[in-house]
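Architecture at a glance
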Amino acid sequence: MYKALGVCFSVLLCSALVSCQNQTTERRQISDLAKPNIIIIYIDDLGYGDLGSYGAIGVRTPNVDKMANGGVRFTDAHSSAATCTPSRYSLLTGEYAFRNNARVLPGDAPALIQPGKPTLPSMLQKVGYTTGVVGKWHLGLGDGNVDWNDSVKPGPLEIGFDYSFLMPATGDRVPTVYLEGHKVVDADSNDPIVVDYRNKVGERQTGQENPDLLRYAADPGHSKTIVNGISRIGYMGGGEKALWVDEEFPDVFTEKSVEFIRKNKDNPFFLFYSFHDIHVPRLPHPRFKGQSDMGWRGDAIVQMDWMTGQIINELEVLGIANETLIIFTSDNGPILNDGYEDGAVEKLGNHNPGGPYRGAKYSIYEAGTRVPTIAYWPGMIDSRVSGALISQTDLYASLAAIQGHDLVAGEAVDSQNILPALLGLTDKARDTLFYEAVAAVALRKGNLKYIAPAPKGKKNPKFLARKGVESGLSFEPQLYDLSVDPGETENIAPENASKVKILQAELEKLMVAGIR
Ligand code: NG6
Ligand code: CA
């Protein structure tokens, strides 16, 4: 039974449904669109080529493939940026990350999204959803001087989530504890938590001083406090009882998500299920060990697939799969060595994490942001491979359209309503796409992609050079025609000066005013 009908529907959506009559089936009734449950499964660092349904070699992903084959499998869908914090910022606010200078944050950074800012969960909350976030946060917490032994706020509960169970930043950053609501789980006032990103605090050993204690070697940035045999970014003392065990992530996060779903099965809910996998440090549960041909990284993909399957399975058992729209995607492209010698490079074999695309996580080239993306809603969305150009920034306006919610001035300013494409009714969505990466920005118009030249003196981040990742930074303009050159191998800017000029002007305009 669909819940809470009687919502007014967006004119755009209705007209899209009408204009796509040939693809609408009897099953797809406009009224059925009222308040579906919405689950965003947000994988970390999963590349375009990392799923079976997207051509993976060396790992099988049957659960995600079931969604890919039974829903809309997008081939030109993009994370809003080539790293985590900016992508998450855009996904939750519908606004490009540069507008708030969003960059990868340390684990003790203050909340990036301030209370009062319109967010996807607060919009859904207003129209009657119960909202929850489980998993990786990495959007900052607190007001600048966070005390992990007290109430940690503001955080998700202050920007639209009713429930939160978090990894505060990343798996490779301290504090290595869970945060439920405002409180660290199992915090102990007799063993207070201290976190410092500059100076050593606490009694724990560090990777720098005791590399012999590590389960695998790490670069200097990841060689601080050792927890569970892994050295992390940053120092942490205290909180012994609260420490997480990385191998337990799949079961802990699954349990929390399933609990949230069960509790809310009779009312519309929104779950932002934000995975740690397949980010570093990769330490899948022993039951997934050796389940791929690619060592830790491949086994983390198997674990991610299992966790996804648990959600699909739970919805089916509860009989609410047909009332639930699942959007599955990744926060940025793939990276093999992101600080730890976990064998991802050595065991890669013929697998191509970025699929046919150039670059990786951090990069302005396609593999930085073109990520596997699936919309799955049994009984509502037909199976389809879609070449629609869409961005995660668009989820805000598109999910607002399902609710009949009209965006107000200042709300989700960069988000476009691409709902008809999301539902597989059309392959038409964006014409223009903005790309943000660590060292460059780009603008796509149709199949032409323009990468703006870097200002004089701008440096390629050292850690990327060390990793051999192409950031895409160049002092010359770059132009690629993705229709004939998807691998961005031939820079056609020199012979297309007038097109470069037009795209440069459009990019500048967008960075000031925004283009919908
Ligand atoms: C970088 C880390 C990297 C990873 C990344 C964030 C170093 C040298 N590298 O700064 O390991 O944690 O931040 O990844 O510290 S993301 O997917 O959350 O954006
Ligand atoms: Ca990421």
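Whatever comes next refers back to the structure up there.
Here is a short report on the structure shown in this document. (Residues numbered from 1 in each chain as written. Chains lettered and ligands numbered in written order. Predicted model: local features only at pLDDT ≥ 70, side-chain atom pairs only at ≥ 80, totals over all residues. Heavy atoms only, no water.)

This paragraph deals with the side chain of Arg232. Assignment of secondary structure puts Arg232 in the loop between strand 10 (230-231) and strand 11 (235-237). Here Ile230 takes part through its backbone oxygen, which lies 3.3 Å from a polar atom of the side chain of Arg232. (Helix = DSSP H or I, 4+ residues; strand = E, 2+ residues; numbered from the N terminus. Polar contact = N/O pair within 3.5 Å; in protein donor to acceptor, adjacent residues only side chain to side chain.)

Turning next to the site of ligand 1. Taken together, 18 residues lie around ligand 1, and Asp172, Arg173, His222, Asp338 and Lys361 are the ones closest in. At 3.0 Å, a side-chain N or O of His279 approaches an oxygen atom of ligand 1. The contact in question runs from an oxygen atom of ligand 1 to an N or O atom on the backbone of Asp338, over 2.8 Å. Under a 2 Å grid-point criterion requiring more than half of the atoms, the pocket assigned to ligand 1 is the largest pocket. Considering only residue class, the shell around ligand 1 consists of four nonpolar, six polar and eight charged. (Near = heavy atom within 4 Å. 1 Å grid on protein atoms, 1.4 Å probe; cavity = no way out; pocket = protein on both sides within 12 Å on 5 of 7 lines; lining within 4 Å. Sits in = over half its atoms within 2 Å of the grid points. Nonpolar A, V, L, I, M, F, W, Y, C, P; charged D, E, K, R; others polar.)

What follows covers the layout of surface pockets. Considering only enclosed or pocket space, the largest pocket measures out at about 1,100 Å³ in volume. In this structure, the largest pocket is lined by 47 residues; those nearest its centre are Thr83, Val104, Tyr362, Val438 and Phe463. Those elements that place two or more of their residues in the lining of the largest pocket are helix 3 (84-93) and helix 9 (462-467). Considering every element that reaches the lining of the largest pocket, the biggest residue donor is helix 9, with three residues. Here the lining of the largest pocket is composed, by residue class, of 22 nonpolar, 10 polar and 15 charged. When residues of the lining of the largest pocket are sorted by domain, at least three fall in each of domain 2 (199-236) and domain 3 (433-510). Roughly 270 Å³ of internal volume is contained in the second largest pocket. Contributing to the lining of the second largest pocket are 16 residues, with Leu336, Gly359, Ala360, Gly468 and Val469 lying nearest its centre. Class assignment of the residues belonging to the lining of the second largest pocket gives a composition of eight nonpolar, five polar and three charged. (Points joined across faces, edges and corners; volume = space filled by probe spheres on them. Domains from an automatic or database assignment.)

This brings us to unusual backbone geometry. Put simply, Asp277 and Ile278 share a cis peptide bond, and its omega is 5 degrees. Following the sequence through the fold, Ile278 ends up in the loop between strand 12 (269-274) and helix 6 (295-318). Residue Pro281 is bonded to the preceding Val280 through a cis peptide linkage, with omega at -5 degrees. For Pro281, the position within the fold is in the loop between strand 12 and helix 6.

A few words now on the nonpolar core. Counting residues in each nonpolar core, the largest one holds 62 residues, and the members touching the most others are Ile40, Trp137, Phe270 and Phe272. Within the residue set of this core, elements represented by two or more residues are strand 1 (37-43), strand 2 (72-74), helix 3, helix 4 (120-126), strand 12, strand 13 (324-330), helix 7 (395-403) and helix 8 (419-422). Contacts of Trp137, omitting those with residues within four sequence positions, involve Arg88, Leu92, Pro156, Ile159, Phe161, Leu166, Met167, Pro168 and Ala169. Counting 49 residues, the second largest nonpolar core, distinct from the first, contains Phe249, Ile301, Leu336 and Tyr357. (Core = buried A, V, L, I, M, F, W, Y, C linked by side-chain atoms within 4.5 Å. Buried < 20%, exposed > 50% of the residue type's maximum accessible area, 1.4 Å probe, protein only. Contact = heavy atoms within 4.5 Å.)

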